[in-house]
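# Working through the structure, step by step
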Amino acid sequence: MILDLKNIYKTYQQGRIPVPVLKDVSLTVEKGDYLAIMGPSGSGKTTLMNIIGCLDKATSGSYSLAGNDITGMSENRLSDVRLNSIGFVFQSFNLLAKQSALENVALPLLYAGVKPRKRRELARAALEKVGLGDRVSFKPTQLSGGQCQRVAIARAIVNNPDLLLADEPTGALDSESGKAVMELFKTLNDEGMTILMITHDQKVANHAKRVKYIFDGMLSDVGFEERAEMAAQAASEWSRDAADAADAPKEEKKEAADGQQ
Ligand SMILES: Nc1ncnc2c1ncn2[C@@H]1O[C@H](COP(=O)(O)OP(=O)(O)OP(=O)(O)O)[C@@H](O)[C@H]1O
Ligand SMILES: [Mg+2]
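The structure contained in this document is the topic of the report that follows.

Rules and cut-offs
- Residues numbered from 1 in each chain as written.
- Chains lettered and ligands numbered in written order.
- Predicted model: local features only at pLDDT ≥ 70, side-chain atom pairs only at ≥ 80, totals over all residues.
- Helix = DSSP H or I, 4+ residues; strand = E, 2+ residues; numbered from the N terminus.
- Buried ≥ 20, exposed ≤ 12 C-beta atoms within 10 Å, placed from the backbone.
- Contact = placed C-beta atoms within 7 Å.
- Pairing = 2+ DSSP bridges.
- Near = placed C-beta within 6 Å.
- Nonpolar A, V, L, I, M, F, W, Y, C, P; charged D, E, K, R; others polar.
- Axes fitted to C-alpha atoms, helices over the stretch in contact; angles between N-to-C directions.
- Parallel < 35°, antiparallel > 145°, perpendicular 65-115°, else oblique.
- Left-handed = near helix turned anticlockwise from the far one by under 90°.
- Core = buried A, V, L, I, M, F, W, Y, C linked by C-beta atoms within 7 Å.
- Right-handed = clockwise from strand over helix to strand, strands pointing away.

Across its full length, the protein chain holds eight helices and 10 strands. Across its three principal axes, the protein chain shows a C-alpha extent of roughly 105 × 45 × 35 Å. Here the protein chain holds 261 residues, and the buried ones make up 34% of them. In the protein chain, the share of contacts with a sequence separation of at least 24, taken over all contacts with a separation of at least 6, comes to 70%.

See below:
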């Protein structure tokens, strides 16, 4: 198992007022999985991503990632985990503007202490993998949005992480570039990469192997449309029951009248 969250709560403190954001979230992700999490604005998606990405800590609950217990880890070890086990892809790419695609992709390797020559070799291979072998020396301003996101994906996978974590990876892209990013995720997942992606877009979520939903800080297997359908069904059952209840006395009276004849 790559990821195991058990009974996670996150409560922010707004002055003296506690703001509960995540409520009893449990989630497991196996190696090779591709999971999308959908939820409305303010439901706690980024909060959950920050905890999974070891950028923030849960208030309570337990979390293990690739067999490591994250819950009690020191800040130093957490940054090791971030560097070695997780690849991040953000909506806004987060590339360094003055560095070339190659330098951007090589950055995590620099932090990991990989030698310059090996860094260049691995970064070039990652850029080739995302279809940008001919753009290695281009800076972000010389690349399209879709290409920037592919550089960011190359950076995320360059040190072969256990988990690729993406927060609205197509949010800033036109539909064609978004499609290319989804195709790339599919290829990476087919090759064994475990992916967890957050999105607002049902069409994007449909690319994943499974989808979970978050509402008001609680995870659910039931989505927006199903919820609306269930609510509509419950309402119609309720109104049918109410109509039956209103009819019942009349029928009793009718039966009584029939009996007297
Ligand atoms: N540092 C903080 N202090 C207090 N409350 C916070 C803090 N960060 C987030 N929240 C609250 O937690 C809730 C969830 O925020 P979060 O950013 O996780 O939502 P989200 O699902 O990512 O929304 P969006 O789709 O708009 O990005 C919000 O109500 C927000 O006000
Ligand atoms: Mg968010």
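The next subject is the sheet that holds strand S4 (residues 60–65). Spatially, S2-S1-S4-S5 is the arrangement adopted by the four strands of the open sheet, whose pairing is antiparallel. With one partner strand each, in any of the chains shown, strand S2 (17–29) and strand S5 (68–69) form the two edges of the open sheet. When strand S1 (residues 3–14) meets S4, the two strands line up antiparallel, connected through five bridges. Bridged to Asp4 within S4 is Ser64.

Around ligand 1 sit Tyr12, Gln14, Val19, Val21, Gly39, Ser41, Gly42, Ser43, Gly44, Lys45, Thr46 and Thr47, and that is every residue in its neighbourhood. Mapped onto the shell around ligand 1, the elements with two or more residues apiece are S1, S2 and helix H1 (45–52). Looking at the shell around ligand 1, the element that brings in the most residues is H1, giving three residues. Looking at the shell around ligand 1 residue by residue, the class counts come to three nonpolar, eight polar and one charged.

This paragraph deals with the packing of helix H3 (residues 101–111) against helix H4 (residues 116–129). The packing of two helices is summarised by the inter-axis angle and the distance between the axes. Two elements in contact, H3 and H4, have axes separated by 8 Å at closest approach and are oriented at 120°. In terms of axis orientation, H3 runs oblique to H4. Of the two elements, H3 crosses H4, and the hand of that crossing is right-handed. Taking contact as the criterion, the partners of Ala101, Leu102, Val105, Ala106, Leu109 and Leu110 in H3 are, on H4, Arg119, Arg120, Leu122, Ala123, Arg124, Ala126 and Leu127. Across the contact of H3 with H4, the residue classes tally to 10 nonpolar, no polar and three charged.

Another aspect to go through is the sheet that holds strand S8 (residues 195–199). The strand order across the open sheet formed by six strands is S6-S7-S8-S3-S9-S10, and the pairing between neighbours is mixed. Both edges of this open sheet fall to strand S6 (86–89) and strand S10 (218–220), since each of them pairs with a single strand only. Neighbour-to-neighbour, the strand axes of the sheet open up by a mean angle of 20°, direction not taken into account. Of the pairings in the sheet, the one linking strand S7 (residues 163–167) to S8 comprises four bridges and is parallel in character. In the sheet register, Asp167 faces S8, and the bridge partner there is Ile198. Against the sheet, H1 engages strand S3 (34–38), S7, S8 and strand S9 (210–215), with an angle of about 155° to S7.

Attention now goes to the nonpolar core. In this structure, Val105, Leu127, Ala154, Ile157, Leu164 and Ile195 are the most contacted members of the largest nonpolar core, which totals 63 residues. For this core, the element with the most residues is helix H5 (residues 145–157), which contributes seven residues. Ignoring anything within four residues of it in the chain, the contact list for Leu127 reads Ala101, Leu102, Val105, Leu132, Gly133, Val136 and Ala154.

The buried fraction of S8 amounts to five of the five residues, a majority that puts the element mostly inside the structure. Neither face of S8 is exposed, since Ile195, Met197 and Thr199 on one face and Leu196 and Ile198 on the opposite face are all buried. Here S3 pairs with S8 via five bridges, running parallel. When the bridges of S8 are listed, Ala36 appears paired with Met197. Handedness of the β-α-β unit built from S7, helix H6 (residues 175–190) and S8 comes out right-handed.

Moving on to the packing of H3 against H5. It is the contact of H3 with H5, at a shortest axis distance of 7 Å, that shows an interaxial angle of 30°. Between H3 and H5, the crossing angle belongs to the class labelled roughly parallel. Between H3 and H5 lies a crossing of right-handed hand. Contacts between H3 and H5 pair Ala101, Asn104, Val105, Leu107 and Pro108 from the former with Val151, Ala154 and Arg155 from the latter. Across the contact of H3 with H5, the residue classes tally to six nonpolar, one polar and one charged.

Our focus in this paragraph is H3. The α-helix winds at 3.6 residues per turn, so residues separated by three or four positions along the chain end up facing the same way. Among the residues of H3, Ala101, Leu102, Asn104, Val105, Ala106, Pro108 and Leu109 are the ones counted as buried. Buried residues in H3 make contact with helix H2 (75–85), H4 and H5. Downstream of H3 by a residue or two, Gly113 has a phi angle that is positive, lying close to 85°.

Spatial relationships are all this shows, so hold off on functional conclusions.
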